[in-house]
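Chain by chain, the residues run as shown.
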Amino acid sequence: AQSVTQLDSHVSVSEGTPVLLRCNYSSSYSPSLFWYVQHPNKGLQLLLKYTSAATLVKGINGFEAEFKKSETSFHLTKPSAHMSDAAEYFCVVTSDRGYSTLTFGKGTMLLVSP
Amino acid sequence: ETGVTQSPTHLIKTRGQQVTLRCSSQSGHNTVSWYQQALGQGPQFIFQYYREEENGRGNFPPRFSGLQFPNYSSELNVNALELDDSALYLCASVSGTGSIRSNEQFFGPGTRLTVL
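Source: prediction; values computed, not measured.

**Student:** Can you walk me through the overall build of chain B in this structure?
**Tutor:** A tally of helices and strands in chain B yields 0 helices and 11 strands. In terms of overall dimensions, chain B is globule-like: its C-alpha atoms have a radius of gyration of 13 Å, near the 13 Å expected for 116 residues. Once the C-alpha set of chain B is aligned to its principal axes, its extents read approximately 40 × 30 × 25 Å. For chain B, the proportion of its 116 residues judged to be buried stands at 48%. Residue pairs at least 24 apart in sequence account for 55% of intrachain contacts in chain B once pairs closer than 6 positions are excluded. When the accessible surface of chain B is totalled, it reaches about 5400 Å², and 48% of it is carbon and sulfur. Taken as two groups, the 8 positive and 9 negative side-chain charges of chain B have centres that lie 3 Å from each other.

What follows is the structure in structure tokens.
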């Protein structure tokens, strides 16, 4: 079975400063990993995905994440936060056993102050 | 916008009632998954349909059931509603063969269900 732990329920940053959202995963299979963002009253949007290609993955809006197998981590980063980045972020793992399901973390709320 | 639509957007029911939620997949997508997102939690997988057959189920009781139609639209039915069923219900579609290891799932905006 797979699981995801998002290490922070809330992260607060100032506009223009770096963002780090932490995620650790557990999987019995070679995992695919994703980060999704959820803005209030909006659907979930895919930021980026790792599927066993390059370990450093670049996504939309300047976000990137690095897959570290030895640390079972997939942390999300952005060099400079923007006010529009304020939202809830979900780290997600999936595995392939004939069908695939997405297992979500509990989410990290990113707060960006001026 | 992902092209995945859900109806209704909001719904209020009382305990013991039954509810049907609907999802229209993105064009060309033959796999649909349903998720329950309780307040302050991440979405939890309910089940997945591929070409009108259920081919995966999470840890939800049988009173949660579904259908997928030939046009790949889908329904989620919940019988004997309980207070804890209050949540945002999300559907997601993907173009795949039942294995969605690398294909993106496109989520709809969700249906907010309140059970009183």
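**Student:** Honestly, the state of the cysteines in this entry has me stumped. Any pointers?
**Tutor:** Throughout this description, disulfide means a covalent bond between two cysteine sulfur atoms. Residues and elements named next belong to chain A. What the rule picks out here adds up to 2 disulfides over all chains. Linked covalently through their sulfurs, Cys 23 and Cys 91 form a disulfide whose S-S length is 2.0 Å. On the sign convention where negative means left-handed, the S-S torsion of about -65° between Cys 23 and Cys 91 marks this disulfide as left-handed. Placement of the pair is Cys 23 in strand β4 (residues 23-26) and Cys 91 in strand β10 (residues 87-96), with a sequence separation of 68 residues. With relative accessibility at 0%, the residue Cys 23 sits in the buried group.

Rules of the game
- Numbers given for residues are sequential positions, taken from 1 along each chain in its written order.
- By the order in which they are written, chains take letters starting at A while ligands take numbers starting at 1.
- Note on the predicted model: pLDDT of at least 70 is required for a residue's local features to be given, and 80 or more for side-chain atom pairs to be given and counted; whole-chain, interface and lining totals, by contrast, use all residues.
- Just so you know, side-chain values use all the structure's heavy atoms and leave hydrogens and water out.
- For the purposes of this entry, the term helix denotes a DSSP run of H or I that reaches at least four residues, the term strand denotes a run of E that reaches at least two, and both are numbered from the N terminus.
- Using C-alpha atoms as the atom set, the radius of gyration is obtained and then compared with a globule rule of 2.2 Å times the number of residues to the power 0.38.
- Exposure categories follow from relative accessible area, calculated using a 1.4 Å probe and restricted to protein chains: below 20% of the type maximum is buried, above 50% is exposed, and the middle band is partly exposed.
- Any pair of residues with heavy atoms lying within 4.5 Å of one another is described as a contacting pair.
- Note on areas: these come from Shrake-Rupley sampling with a 1.4 Å probe, and a residue is covered only by the protein chains present in the view.
- The charge count treats Lys and Arg as positive and Asp and Glu as negative. His and the chain ends do not count.
- One atom stands in for each charge, and that atom is NZ of Lys, CZ of Arg, CG of Asp or CD of Glu.
- Criterion for a disulfide: a pair of cysteine sulfur atoms at a distance within 2.5 Å.

Worth remembering: the numbers are spatial, not functional.
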